Amino acid sequence: MSKVSAMAHLEAMEQMRAVPLTVFRHRRLSIKPLVIVPLTMAGEAGAPLAAMAGTARTAPKLLVVDQPRNRDQRFAFAADLGRIVMDYINSHRLHRRDVTSRGDGPTSRYSDAPQILVPNPGGIKVLADLGRMCRFRKTDGDYPVQPVVPLLGMWLTFLAESAEQAGTSMLLPVTGMLGEHWATGQSVMEDQNLASIMGWIAPADGVSVEQAIADAENPAVCPPAGPATSPEFDKTYLAPAVKRFDDARALGDPTAITAAETDLRELIGEQIKPTWRLMWSAISLLRAVPEAPRTAARFERDLASFTAYSDYQDEGALPQRKRDAAIGAARRLSRLERAQADFEADMAFDDSLVLADLRSVGEAFAGTVTAAETDRVVTTAKNRRVPRPRITVTTDDPVRLAPGVILISPSMPNNHKALIISSAPDEESTQITVEITGGMGRGVVPQKGTVPSLGQRIAYLPDPGWRPTPVFPEPDSIPWTHSSLADEDPDTDTDAAEGWGDAD
Amino acid sequence: MKAAVDERLDGLRGSAPRLTYSARSLAALENNPRCTLRAVLDASGSDKAAIAAHAGFPTPFGQSPFAIARGNAFEALVKANGCAELIRVLRETLKLTLPEVAYQDLNDVGGNASPEVRCTRTRQLLVNTALGKFPGTLYDHPMLRLQVGGHTVFLEPDLVAFRIEDRFHVVEIKSFPIIDDQADPAQVKAATTQASAYVIALRAMLAEAGIGPDAVSDTIVLVAPKDFTNSPTAAFVDARKQVATLTRQLTRIERIGDLVSLLPEELTFDLAVDEAGKAQRPAEELAAALDQVPALYRPDCLSHCEMAFFCRSRARACASLDVLGPTVREQLGGIDTATMALGLARGELTADVDQAEMAAALRHAARLRAEVLGQPGGAGAAA
Ligand code: SF4
């Protein structure tokens, strides 16, 4: 957040409608995403109540658990959802193309990757919990489950972990995607209400934004997008309906059971359908926003990690461990931080509004070339003569970058690199002298168009690639204080025997 | 002096029965402690939910019957058979050496369940235990008492206090899960704050008998379902910070008189309920009364305070930056409204000395946005 983004929120507040926060959509939007709207039962961790899922607005599948506290029904639900998710994932594991491999990674990649969209961050949490609940389940023993259950568990865990990494696209909350592109006149927390943020962006015909956001908070008008259903709904409708189902089952009366089931499905269908429709409206809105150029390059990384995990599965995967060991956690944190910095730099490079954010806080600048020494040549330590042109950019931006920072530029060809030599404030503006260090070709004379010319408008931002990759100790050199035996333990799984007793 | 304050508070509440603080409402003090409106409503024992609803802004703060049932079932399971499960996790999970366990149920005293009687009994037992005269270990349903703003508040259930190595520990039983040793931080925080109220009350009670605060640990024991099962697990949670914070909030309530004395004499939130139980006070009049008290709305209020929709509508009406939340707000330090921020950004308002720097930054930001949006497509080359 910077003052430029803040300005967008102020405009939204003033105009009572959402305004763009970015020029582009920075997330890939699959041509065929799998939309899942999960609902859970209040107060129960990992007790799925229902889910609506499908790859098209029409003909979604509705899965309902009649008694969420019953473990058999719960895993029957997981198996049903598992089949939908695995069919979808497998449909992306048909075509591979060769890639020039660096190191010993796979030499080919799948040409497409899955994309699961859920309404909000809570939806991601539900899938992550479901993944955790399913991945250690066994297909034999005392509490056997269908083979698709642990498979779903491992894949959901993979997807949920990928979702923590900035810039990935395989599992995303739609409210997050909307909030990345549009600024509303309300808080981040309120923006996580799908109906509410949609109310700011595109209220239904004839409905004002004021009305739309008020409706969004009224569960009687607009059922919540989950994962929890509204307490009012639970009290008035759901609890009695679940009880009718329990009673019917206790009596063993097949007609009553069927009637109660139909009842529940209808009830939950009515709660979930408005969200389902909103999800697809949101997707069409997002589709209409042009995709940022660097999204494609980021998607390659998704394809690589999807392929790698997929191949691991083909080799007979083990479920992911419960918690990272100390080194694993540190490595992971470092990877996440790096991905975040790279994603931010990518966005700023692609998107002049995001760049404006950085400019307003002095972490990037744009201005006019007011002096240029284009034929400057230096001799390197290896006695090689190389072009090192210097230019001076005059900018009104409050630059805070120090000499020595390596820069990249969205206004120049891709591999252009420059180094800040000096920065001199002068009244309202600042004069920054930079030395061009890369992207000029191999000769001693720079290729045409690779050095900014006098009078040219140009923008610069720091190169995120300059940071060194941290080195972590190998597992056997970890000081014992940071190593835990438990980390090495094979998963001792006691949950399989857990009693969900009360309802059975 | 005190009496005068009480009289004012009674006047503010009007004819409605006084609502007392509970551990939950005390815990809520931690959020937005500087809001005068809430401080005054709480201290006067007013019914915030009823007031908000009558003013036209009912806040849907219900709890699902499923969540309630789950909470009760889990607590019952942990406490069944003289807290057998609790003792198991204390021993196995927390590796505590509990030699012989003496379990005391303080739920009622010889059939008398009045808070006063239970409280006296609790004090007698706990003080004697602390003095080493009584070998107790586990106390179920003790009844504690705390003076809040000059009023007695009884705090109870859910609580088991156990004593080990000469210190009492507060146990908080919650039904949110601890999955792979991790629980939702927001829920842990709420549980810890609630337990902090018990720590403070327990210390206050022992202090009356001349026993120092060290007799009560400020590390609490959180008992919650393990992973996706019904079986409990436990964790130590350090509550030092929250005990200190809550103690500070309680001192603030003691000084409620300072806040109240700034309010108009005749101010009241009375709903003028008639014999049929219907509120007769005109809604606008009630809203106008509420408007006399400074509130400090933040989006957080939506998850903590029954007045949230009311306060948000007020904040929206004056284009307060509070509606946007802290991330935007901290970009605009010293400026209170969107109107002011946009006025400065567009050069339509002149900045005073304090705002000069901010105004320049805003003008720059506005120029940047206009520069980009003016360009069709705003494509890549930002210059
Ligand atoms: S909702 Fe209103 S009364 Fe409650 S804490 Fe927030 S500002 Fe204060």
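Thresholds, definitions, all that
Residues numbered from 1 in each chain as written. Chains lettered and ligands numbered in written order. Predicted model: local features only at pLDDT ≥ 70, side-chain atom pairs only at ≥ 80, totals over all residues. Heavy atoms only, no water. 1 Å grid on protein atoms, 1.4 Å probe; cavity = no way out; pocket = protein on both sides within 12 Å on 5 of 7 lines; lining within 4 Å. Points joined across faces, edges and corners; volume = space filled by probe spheres on them. Helix = DSSP H or I, 4+ residues; strand = E, 2+ residues; numbered from the N terminus. Nonpolar A, V, L, I, M, F, W, Y, C, P; charged D, E, K, R; others polar. Buried < 20%, exposed > 50% of the residue type's maximum accessible area, 1.4 Å probe, protein only. Contact = heavy atoms within 4.5 Å. Buried area = accessible area lost by both parts, 1.4 Å probe. Salt bridge = Lys/Arg side-chain N within 4 Å of Asp/Glu carboxyl O. Polar contact = N/O pair within 3.5 Å; in protein donor to acceptor, adjacent residues only side chain to side chain. Near = heavy atom within 4 Å. Sits in = over half its atoms within 2 Å of the grid points. Axes fitted to C-alpha atoms, helices over the stretch in contact; angles between N-to-C directions. Parallel < 35°, antiparallel > 145°, perpendicular 65-115°, else oblique. Expected span 1.5 Å × (residues − 1). Core = buried A, V, L, I, M, F, W, Y, C linked by side-chain atoms within 4.5 Å. Pairing = 2+ DSSP bridges. Right-handed = clockwise from strand over helix to strand, strands pointing away.

This structure, assessed with the given rule, holds eight cavities of 30 Å³ or more. As for the largest cavity, its lining consists of B:Asn32, B:Cys35, B:Leu37, B:Arg38, B:Ala295, B:Leu296, B:Tyr297, B:Cys301, B:Cys305, B:Met307, B:Ala308 and B:Cys311. Contributions of two or more residues to the lining of the largest cavity are made by helix H3 (36-43) and helix H11 (308-317) of chain B. For the lining of the largest cavity, the class distribution of residues is 10 nonpolar, one polar and one charged. Quantified by volume, the second largest cavity comes out at close to 80 Å³. Forming the walls of the second largest cavity are 14 residues, and the residues nearest its centre are A:Thr40, A:Pro48, A:Phe77, A:Val126 and A:Leu130. For the lining of the second largest cavity, the elements supplying multiple residues, two or more each, are strand S2 (34-40), strand S3 (48-54), helix H2 (71-90) and helix H3 (121-135) of chain A. Across the lining of the second largest cavity, the residue classes tally to 11 nonpolar, two polar and one charged.

Attention now goes to the environment of B:Asn31. All names here are of chain B. Locating Asn 31 in the fold gives a position in the loop between helix H2 (23-28) and H3. Residue classification places Asn 31 among the buried positions, given a relative accessible area of 13%. Taking the C-alpha atoms as reference points, Asn 31 and His 304, 273 residues apart in sequence, are found 7.3 Å from one another. Once residues lying within four places of it in the same chain are set aside, the contact partners of Asn 31 are Arg 38, Lys 189, Arg 298 and His 304.

What follows deals with the interface of chain A and chain B. With 65 residues of chain A at the contact, the number on the chain B side is 59 residues. A buried area of about 5,000 Å², summed over both sides, lies between chain A and chain B, and 65% of it is on carbon and sulfur atoms. For the pair chain A and chain B, the number of links is eight salt bridges. Here A:Glu217 and B:Arg312 are joined by a salt bridge, their closest N and O atoms 2.5 Å apart. Taken together, the links from chain A to chain B amount to 12 residue pairs in polar contact (both at pLDDT 80 or more). Those elements that provide at least two residues to the side of chain A that touches chain B are helix H1 (3-15), strand S1 (19-20), H3, helix H6 (188-191), helix H9 (231-251), helix H12 (326-350), helix H13 (352-360) and strand S17 (457-462) of chain A. Residue contributions to the side of chain A that touches chain B peak at 10 residues, all from H1(A). Broken down by class, the residue content of the side of chain A that touches chain B amounts to 32 nonpolar, 12 polar and 21 charged.

All names here are of chain B. With respect to spatial proximity, the complete set of residues near the ligand consists of Asn 32, Cys 35, Leu 37, Arg 38, Ala 295, Leu 296, Tyr 297, Cys 301, Cys 305, Met 307, Ala 308 and Cys 311. More than half of the atoms of the ligand fall within 2 Å of the grid points belonging to the largest cavity. Of all the elements in the fold, those that place two or more residues in the shell around the ligand are H3 and H11. Looking at the shell around the ligand, its residues break down into 10 nonpolar, one polar and one charged.

It is worth spelling out the packing of helix H13 (residues 338-345) of chain B against helix H14 (residues 356-374) of chain B at this point. Residues and elements named next belong to chain B. As a packed pair, H13 and H14 sit with axes 7 Å apart at the nearest point and diverge in direction by 75°. In terms of orientation, H13 and H14 fall into the roughly perpendicular class. Two secondary-structure elements touch here, H13 through Ala 341, Leu 344 and Ala 345 and H14 through Ala 359, Leu 362, Arg 363 and Ala 366. In terms of residue class, the contact of H13 with H14 is built from six nonpolar, no polar and one charged.

Tallied over the entire structure, the rule returns 46 salt bridges over all chains. Across the salt bridge formed by B:Glu92 and B:Arg88, the nearest N and O atoms sit 3.1 Å from each other. Placement of the pair is B:Glu92 and B:Arg88 together in helix H5 (residues 65-92), with a separation of four residues, close to one helical turn. Where salt bridges share partners, they join A:Arg132, B:Asp180, B:Lys226 and B:Asp227 into one cluster.

With that settled, the discussion passes to helix H7 (residues 185-208) of chain B. Over its 24 residues, H7(B) runs 35 Å from end to end, which matches the ideal 34 Å to within 8%, given 1.5 Å per residue. Looking at the residues trailing H7(B), positive phi occurs at B:Gly210, about 75°.

Core analysis: the largest hydrophobic core is formed by 102 residues, its most contacted members being A:Leu10, B:Leu26, B:Leu155, B:Phe269, B:Leu290, B:Met307 and B:Leu362. Considering each element in turn, this core owes the most residues, 11 residues, to H7(B). Once you skip the residues sitting within four places of it in the chain, B:Leu26 turns out to touch B:Tyr21, B:Leu146, B:Val148, B:Leu155, B:Ala197, B:Leu246 and B:Leu250.

Let us look at the sheet that holds strand S7 (residues 116-118) of chain A. All names here are of chain A. Read from one edge to the other, the open sheet built from five strands follows the order S4-S3-S2-S7-S8, with strand pairing classed as mixed. Two strands bound the open sheet, and with one partner strand each, they are strand S4 (61-64) and strand S8 (171-173). Mean inter-strand twist for the sheet, computed between neighbouring axes without regard to direction, equals 20°. Where S2 and S7 come together, two bridges link them in parallel fashion. Counterpart to Leu 34 in the pairing with S7 is Ile 116.

So, on to helix H4 (residues 148-163) of chain A. The terminal C-alpha atoms of H4(A), which comprises 16 residues, lie 22 Å apart, in line with the 22 Å expected from a rise of 1.5 Å per residue. By the criterion of burial, H4(A) is predominantly enclosed, with 13 of the 16 residues buried.

Residue and element names in this part refer to chain B. The buried fraction of strand S7 (residues 219-225) is high, at six of seven residues. Across three bridges, the pairing between strand S6 (residues 167-173) and S7 is parallel. Note on S7: the bridge partner recorded for Val 171 is Val 221. Read as a crossover between parallel neighbours, the route from S6 over H7 to S7 is right-handed. Two strands pair when backbone bridges link them, and S7 and strand S8 (residues 232-238) are joined in this way by seven bridges, in the antiparallel orientation. Bridging from a neighbouring strand, Val 223 pairs with Ala 234 of S8. Taken together, S7 and the strand that follows it, S8, pair antiparallel across an intervening segment of six residues, in which Asp 227 is found at a positive phi of about 50°.

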